[in-house]
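# Chains, contacts and geometry: an overview
So you can see what is in the structure, the chains are spelled out below.
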Amino acid sequence: MNCASEKPFFSVKTSAKNNTIKLGSTVKLSLNNPEGVNINSVVYKLNGEIVSETLSLKNVKLGKQDLIAEVISGNDTVIAKSNLIVLNNKRPDLYTYEIVNTYPHDPTSYTQGLEFYKGELYESTGQYGQSKLRKVNYETGEILKNVDLKSGYFAEGLTVLNDKIYQLTWQADTGIIYDVNTFEKLGIFRYDLSKEGWGLCNDGKDLYKSDGTAKIWKLNTTTFTEDDKIEIYTEKGKIGRLNELEWANGKIYANIYENTGVAIINPENGAVEGVIDFTPITTQISNYSSNDNVLNGIAYNSETDTFFITGKRWDKLFEVRITKK
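Residues numbered from 1 in each chain as written. Predicted model: local features only at pLDDT ≥ 70, side-chain atom pairs only at ≥ 80, totals over all residues. Heavy atoms only, no water.

### Digging into the nonpolar core
If you look at the biggest cluster of nonpolar residues, it comprises 26 residues, and the most contacted ones within it are Ile 21, Val 27, Tyr 44, Leu 57, Ala 69 and Val 86. At the level of elements, strand E3 (26-32), strand E4 (41-46), strand E7 (63-73) and strand E8 (76-87) are the ones that each hand at least two residues to this core. Among the elements that line this core, the one with the most residues is E8, at six residues. Residues Tyr 95, Ile 264, Leu 295 and Tyr 300 belong to the second largest nonpolar core, which totals 19 residues. (Core = buried A, V, L, I, M, F, W, Y, C linked by side-chain atoms within 4.5 Å. Buried < 20%, exposed > 50% of the residue type's maximum accessible area, 1.4 Å probe, protein only. Helix = DSSP H or I, 4+ residues; strand = E, 2+ residues; numbered from the N terminus.)

Dropping the structure here:
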């Protein structure tokens, strides 16, 4: 290739240290032009939207933002790419809990999803050859309805919306839809941009899906395309391995895999607004393990305004009331 025909090299610079900045701050953009070539024009874009050289980050989602500069130099158009990481601008609030009741829970259930719908508790359990969808009497632990999944499915989270149960599987790229009253299988859906199925909840309209990363995907219930996503960040960095999800009072509550904490997440921008430490509750579980029989299962009962907490193969289900410290 003739060197004279190569396009000039540019890169995007920001005033933010390590291209990382906190929500609500202002960052200045500039163009690195090491060859000193003549420039006709520069257009900066953040996530595809045109922005000015002085960029205010008040109403943006947290996490990695795509930052580009479209540079016209002579007859050449050059795209310079970079990233900008937006952190939250405050520490999460600390929450505590009070145990209201303790109920029996099937110690063979590898709990992956837990949710109340019209006062009834539904549970999804995992492991190949052991995965199930269940309706449970939470006060007695009695299994009221049960469906065993095919041995090739490792069941994950579930949610119930408009009399339909949506249940994820882990690595089979498949979600299963059931009639909530009969447990009749109504169909399946495939994952779009996410690679795995972990947790699932809904806001009364759309589904929210975790995939074991720091992302939560927003699913259209007609097309099941992942139309949007948030990345989950604190003021220090991202929170990964998001697992079981629950929607309550306009927030997403997320278990973190192999962790005794639950994050309270703003579904608009991904900010971790609160953290609940359930470490003390694990001392009541005789077979608790920090890397196997972990905390996983959080369901909100709007009729009692309480949360129900359990874990993988736990013999107890705890009804708790969560309050800010």
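Let us keep going from here.
### Quick look at the pairing of strand E17 (residues 185-189)
Of the strand pairs in this sheet, strand E16 (residues 175-179) and E17 are connected by four bridges, and their pairing is antiparallel. By the bridge assignment for E17, Gly 175 is matched with Phe 189. Linkage of E16 to E17, two consecutive antiparallel strands, is achieved through a turn of five residues, within which Phe 183 is found at a positive phi near 65 degrees. (Pairing = 2+ DSSP bridges.)

### Things to note about the packing of aromatic side chains
Taken as a whole and judged by the stated rule, the model has 20 aromatic pairs. Note on Phe 116 and Tyr 138: the rings are 5.3 Å apart at their centroids and 75 degrees apart in plane angle, and the pair reads as edge-to-face. You can see Phe 116 sitting in strand E10 (residues 111-117) and its partner Tyr 138 sitting in the loop between strand E12 (132-136) and strand E13 (143-148), a full 22 residues away along the chain. Summarising the burial analysis for this pair, Phe 116 and Tyr 138 share the class buried. Centroid distance Tyr 138 to Phe 308: 5.0 Å. Interplanar angle 70 degrees. Geometry classified as edge-to-face. Of this pair, Tyr 138 sits in the loop between E12 and E13 while Phe 308 sits in strand E27 (residues 306-311), placing them 170 residues apart in sequence. With respect to burial, Tyr 138 and Phe 308 carry one shared label: buried. Put simply, the rings of Tyr 103, Phe 116, Tyr 138 and Phe 308 pair up and form one aromatic cluster. Above the ring of Phe 183, the side-chain terminus of Lys 145 is found at 5.9 Å from the ring centroid. Geometry around Tyr 191 places Lys 209 over its ring, the cationic atom sitting 4.2 Å from the centre. (Phe/Tyr/Trp six-rings, centres within 6.5 Å; stacked < 30°, edge-to-face > 60°. Lys NZ or Arg CZ within 6 Å of the ring centre and 35° of its normal.)

Purely geometric stuff here, so don't read any function into it on its own.
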